[in-house]
Structure formats: structure tokens, C-alpha cells
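Geometric and topological summary
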Amino acid sequence: MKKLFKGIAIFLLLLLLVSWFVGAAWWAGDPPVNEPVATARPVLETTSRNQKQILYGDLHTHTSYSMDAAIFGTPLVKNTGYVTPADACDFARFCSALDFWSINDHAEGLAPWQWRATKTAIRQCNAGSPADNPDMVAFLGWEWSQGSKIPATHYGHKNVILRDTEEGAVPLRPIASAGGPWRGLGQIPSPLRGLGLLAASKVVGLGDYDTLAGHMQAMGQTPDCADGDVRDLPEDCFEVAAEPRQLFDKLDQWGFPALVIPHGLSWGTTNPVGADFASQMDQHDPRYQRLLEVYSGHGNSEVYRPLPVTLPGADVCGEPVDGYTPCCWQAGEIIRQRCEKQESGDCDTRAEQAREYYLAANAGGVLSNARNVVADTSPNDWGQCDQL
């Protein structure tokens, strides 16, 4: 029995050491910092500098420097690999044939070395074409991503886009909304991170996770910035603006021309039910917020409809109206369909009970998952409920 306990103790010790080694990214090499292709795309010569043109661009671009994208690119999820801002430049230039684009990786998971590499990549991207008639213009920026379960304090996601790119004319650091889950991954103790990486990679595929491991380690080693003027803070610290007005104040301190573009206004997975852009107009600054992103893969916010939204904590589930179906109502419809298929009892009563159960679960706090009241469902069963 003593030998068994001794063997278990040795195994656990070895597992701890290996997990710490992996989580601290000691095994990982230098992160990839590639350069864009140094060749311009052929462009049409304009006959006049004042000639009007229609230009096509993308002011919302992410790479694996966004922690969520880095995780999605692993073999565990999409297996697309690690993509850098230099890759984004090449894609914008040669695949999308854009006239302009901006880099907007999430500041909440952007390590200091990645911000420096991003600035370099954007400068190299612009250097690839003649300044007097560029084939494409790349803008430097980041995404400020805030979220709250309380509609009145939910300010959403905003892309910060800078006019200039040269050193001394751009902030030393991106400004995040808060630590969030991506910074939190870097603050998890190294052995626990290592265990997660070992499990995700099944050990044999650990090499596919080396850059992600280094990314998380770098975030964990970045200290929080102190209070004070942004120009007095060290370069390698994690800077936070919890609300839009604080973000605008910090941009004022830098004094560099910038745009701040809100987006994801219709995205139900990040906006709490009942969120309204009007509720943050007391923190609107027209000097920065001059554009809105109204359409993307997140959804379409081109049309405003005053809908009777069923909020968390409601006692009565609202009926579908004008293309909008509350999820509490959809819970009842799923049960009704199952009931009618099985010809079992009063289907109307069972549907009403399902709606009541959903409402009760939806009032249970941040960690509640009301959809669990209906067992064995898929995303397709719920359709576009709680969204247009």
C-alpha cells in the first residue's frame, strides 16, 4: 500500500511539473512575426486628384492576436492555425482587393509584444505601395469590448481606429474595457493552464498550441496600469477604460485623431435582452463616434423596431410579433411540437408550463441557462429567438 501511495505521489508530482512547464510556455519558441508581401496590387491611374471614387473597405478585422480567435484556430475547434496582422494585410490586398482596412484585435487579450508587432505590420503593409497612388491603405487600431448582463450598463463593442501609424503619433498601448475572460486565461496558475493545454492537445498535438501558450503567458505577465495620464504610464502595462467616457478621456490625453465605431448592436449572444443603444447616449462623444457598423456576421441592425421584448425576471412571456419570437415562447413551441408528435395529453398546457419554467430559470442570475429547461435541444431548435 505504501508503494502504491508513493507511486501516486510521484505521478502527481511529475504531472504538476509537466503542467507547469507547459502552462508557463517554457517549451514554446518565439511567436511568429511575419511580414506582409512587399508587392503592391496593380491600380488604375486616376486622371485627377479630385476625381470622385467609390472605395471598398473593412473597418473590423481580427487575427489570432485576439485571444478568442487564437483559441478558435486550434485543432480543438476550427484548426485554421495562427493568423497574424501581416496575413490580414495580404488577404485584404490580394484576396479581398480592398481599398482600405483596419486591424481591430481585442485589447482585452492583446499582449504588449503583439501591439508592437501589429504597429510594425501595419506600417509594412502601407509601405508595400506608392504613397502618391496607393493600392490600399491600412489603418491601425484595436477593439474595446465591454459587456454587462444589465442593459443600462451595457456599452458593447467599439472599434478604435487611428488616422496615423508612425511611432509617436499612436498610443503606446491599446485600451481595454476590463480584464475579461481573455486576460483571465493568462492569470490562471501555470499548472492549471498547462493541464488545459495538455487535455486540449491530447499531448501528441501539443506543438499546435505553442503560440497560444505563449500568448496566455504574456498576458499573465503584463501588470495592470496605474491611474494617471496615459503618457506617464509604462509601455508594457495593461490599460483599462471601464466605460466609453473613460475611453474618450484617454484618447483625449493622447491627442491623436481617431474614430470609435460601435458594432454588434444586434448580436444577441453579447447584448443582454433589453439592451438599447439609446441608454448609452449620455456617454456618446460625436468627436469620436461618427460611424455605426450596421451589418456584419454578428447580425443586421439597419432596421429599428420597437418590440415588446420579454426581459429577464418577467412573469409573462410575450407572444411573437413582427418577426420577433421570445425564447420563452420558443421553449413552449418545442414542447408543443414534441407533444403533438407523441399525441400525449394537453399540448397547450404543457407548452404554457415550458414558458413558465423558462421565465423562472431566466431570472436565476448570470450563470443560469434557461434553455436547459427543455432537454435535448440543438441551436436549430431555438432558431432566431430573442433576435430579429
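The structure reproduced in this document is the subject of the present report. (Residues numbered from 1 in each chain as written. Predicted model: local features only at pLDDT ≥ 70, side-chain atom pairs only at ≥ 80, totals over all residues. Heavy atoms only, no water.)

**Thoughts on the overall build of the protein**
Formally: Numbered from the N terminus, helices here are DSSP runs of H or I no shorter than four residues, and strands are runs of E no shorter than two. Burial classification: accessible surface area is computed with a 1.4 Å probe over protein chains only, and a residue below 20% of its type maximum counts as buried, one above 50% as exposed, and the rest as partly exposed. Residues are treated as being in contact if the distance between any of their heavy atoms lies within 4.5 Å. For the accessible areas, the method is Shrake-Rupley and the probe is 1.4 Å, while residue cover comes only from the protein chains on display. We count Lys and Arg on the positive side and Asp and Glu on the negative side, and we leave His and both chain ends out. Taken as the charge location is NZ of Lys, CZ of Arg, CG of Asp or CD of Glu.
Looking only at helices and strands, the protein features 11 helices and 10 strands. The principal-axis extents of the C-alpha atoms in the protein amount to approximately 75 × 75 × 45 Å. With 388 residues in all, the protein has 40% of them scored as buried. Long-range contacts, defined as pairs at least 24 residues apart, comprise 71% of the intrachain contacts of the protein with a sequence gap of at least 6. Element-wise, carbon and sulfur atoms account for 57% of the exposed surface of the protein, whose accessible area totals about 20,900 Å². One way to put it: in the protein the 30 positive side-chain charges average out to a point 6 Å from where the 46 negative ones average out.

**Quick notes on the environment of Ala-360**
Along the chain, the position of Ala-360 falls in helix 10 (residues 347-362). A sequence separation of 274 residues divides Ala-360 from Ala-86, and the C-alpha atoms of the two residues are 49 Å apart.

**Looking at the state of the cysteines**
What counts here: Here, the term disulfide refers to a pair of cysteine sulfur atoms separated by no more than 2.5 Å.
The tally for this structure, following the rule as stated, stands at 5 disulfides. Here Cys-89 pairs with Cys-125 through a disulfide, and the sulfurs are 2.1 Å apart. Where Cys-89 bonds to Cys-125 through sulfur, the torsion about that S-S bond is close to 85°, and the disulfide is right-handed. Residue Cys-89 is located in helix 3 (residues 85-95), and its partner Cys-125 is located in helix 4 (residues 112-127); the two are separated by 36 residues in the primary sequence. The exposure class of Cys-89 is buried, given its relative accessible area of 1%. Across a sulfur-sulfur distance of 1.9 Å, Cys-225 and Cys-237 are joined as a disulfide pair. Looking along the S-S bond of the Cys-225-Cys-237 disulfide, the torsion reads about 90°, which is the right-handed sense. Linking Cys-225 in the loop between helix 7 (210-221) and strand 7 (239-240) with Cys-237 in the loop between helix 7 and strand 7, this pair joins segments that are 12 residues apart in sequence. In the protein, numbering the disulfide-bonded cysteines from first to last in sequence yields the connectivity 1-2, 3-4, 5-7, 6-10, 8-9.

**Points about helix 3**
Where helix 3 is concerned, the buried positions are Pro-85, Ala-86, Ala-88, Cys-89, Asp-90, Ala-92 and Arg-93. Buried positions along helix 3 lie against strand 2 (100-102) and helix 4. A positive backbone phi angle near 55° is found at Ala-97, which sits one or two residues after helix 3.

**Observations regarding the packing of aromatic side chains**
The test is simple: For Phe, Tyr and Trp, where Trp contributes only its six-membered ring, two rings pair if their centres lie within 6.5 Å, and the inter-plane angle classes them as stacked under 30 degrees, edge-to-face over 60, or tilted in between.
Per the counting criterion, the structure on display carries 7 aromatic pairs. Centroid distance Trp-20 to Trp-26: 6.3 Å. Interplanar angle 40°. Geometry classified as tilted. With a relative accessible area of 41%, Trp-20 lands in the partly exposed category. For the ring pair Trp-115 and Trp-142, a centre distance of 5.6 Å and an interplane angle of 80° mean the geometry is edge-to-face. Of this pair, Trp-115 sits in helix 4 while Trp-142 sits in strand 4 (residues 141-145); the two residues are 27 residues apart in sequence, bridging distant segments of the chain. By the burial criterion, Trp-115 is buried, and Trp-142 matches it. A connected cluster of aromatic rings, assembled from ring pairs, spans Tyr-65, Tyr-82 and Trp-113.

**Focus: the sheet that holds strand 4**
Strand pairing within a sheet occurs via backbone hydrogen bonds; the two strands may be parallel or antiparallel. Counted only if it meets this: Strand pairing is defined by DSSP finding a minimum of two bridges between the two strands. A fitted line through C-alpha atoms represents every axis, and for helices the fit uses only the stretch in contact; the resulting angles, taken between N-to-C directions, go from 0 to 180 degrees.
An order of 4-5-8 is seen for the 3 strands of this open sheet, with the pairing classed as antiparallel. Both outer strands of the open sheet, strand 4 and strand 8 (258-263), are each paired with one neighbouring strand and no more. The average undirected angle you get between the axes of adjacent strands in this sheet is 20°. In this sheet, strand 8 lies alongside strand 5 (residues 157-162) in antiparallel orientation, the contact comprising 6 bridges. Within strand 8, the position partnered with Val-160 by the bridge is Val-260.

**What about the nonpolar core?**
Just so we agree on the cut-off: Here the nonpolar core consists of buried residues drawn from Ala, Val, Leu, Ile, Met, Phe, Trp, Tyr and Cys, with membership extended through side-chain atoms lying within 4.5 Å.
If you look at the biggest cluster of nonpolar residues, it comprises 50 residues, and the most contacted ones within it are Trp-101, Trp-142, Leu-197 and Leu-247. The element contributing the most residues to this core is helix 7, with 5 residues. Counting residues in hydrophobic clusters, the runner-up holds 14 residues, among them Ile-335, Leu-359, Ala-370 and Trp-382.

**Observations concerning the packing of helix 9 (residues 327-342) against helix 10**
Between two packed helices, what matters for the description is the angle formed by their axes and the separation of those axes. Keep this limit in mind: In this scheme the handedness of a crossing depends on how the near helix is turned from the far one: anticlockwise by less than a right angle means left-handed, clockwise means right-handed. The residue classification treats Ala, Val, Leu, Ile, Met, Phe, Trp, Tyr, Cys and Pro as nonpolar and Asp, Glu, Lys and Arg as charged. All others, Gly included, are polar.
For the pair helix 9 and helix 10, interaxial distance at closest approach is 8 Å and the crossing angle is 145°. You can see that helix 9 and helix 10 cross each other, and the crossing is right-handed. Contact with helix 9, carried on its side by Cys-327, Cys-328, Trp-329, Ala-331, Gly-332, Glu-333, Ile-335, Arg-336, Cys-339 and Glu-340, involves Cys-347, Asp-348, Arg-350, Ala-351, Ala-354, Arg-355, Tyr-358 and Leu-359 of helix 10 and no other residues of that element. Looking at side-chain class alone, the contact of helix 9 with helix 10 contains 11 nonpolar, 1 polar and 6 charged residues.

**Section: the pairing of strand 5**
Among the 6 residues that make up strand 5, 6 are buried, leaving the element largely enclosed by the rest of the structure. Neither face of strand 5 is left uncovered, since the one carrying His-157, Asn-159 and Ile-161 and the one carrying Lys-158, Val-160 and Leu-162 both have all their residues buried. As paired elements, strand 4 and strand 5 share 5 bridges and run antiparallel to each other. Note on strand 5: the bridge partner recorded for Gly-141 is Ile-161.

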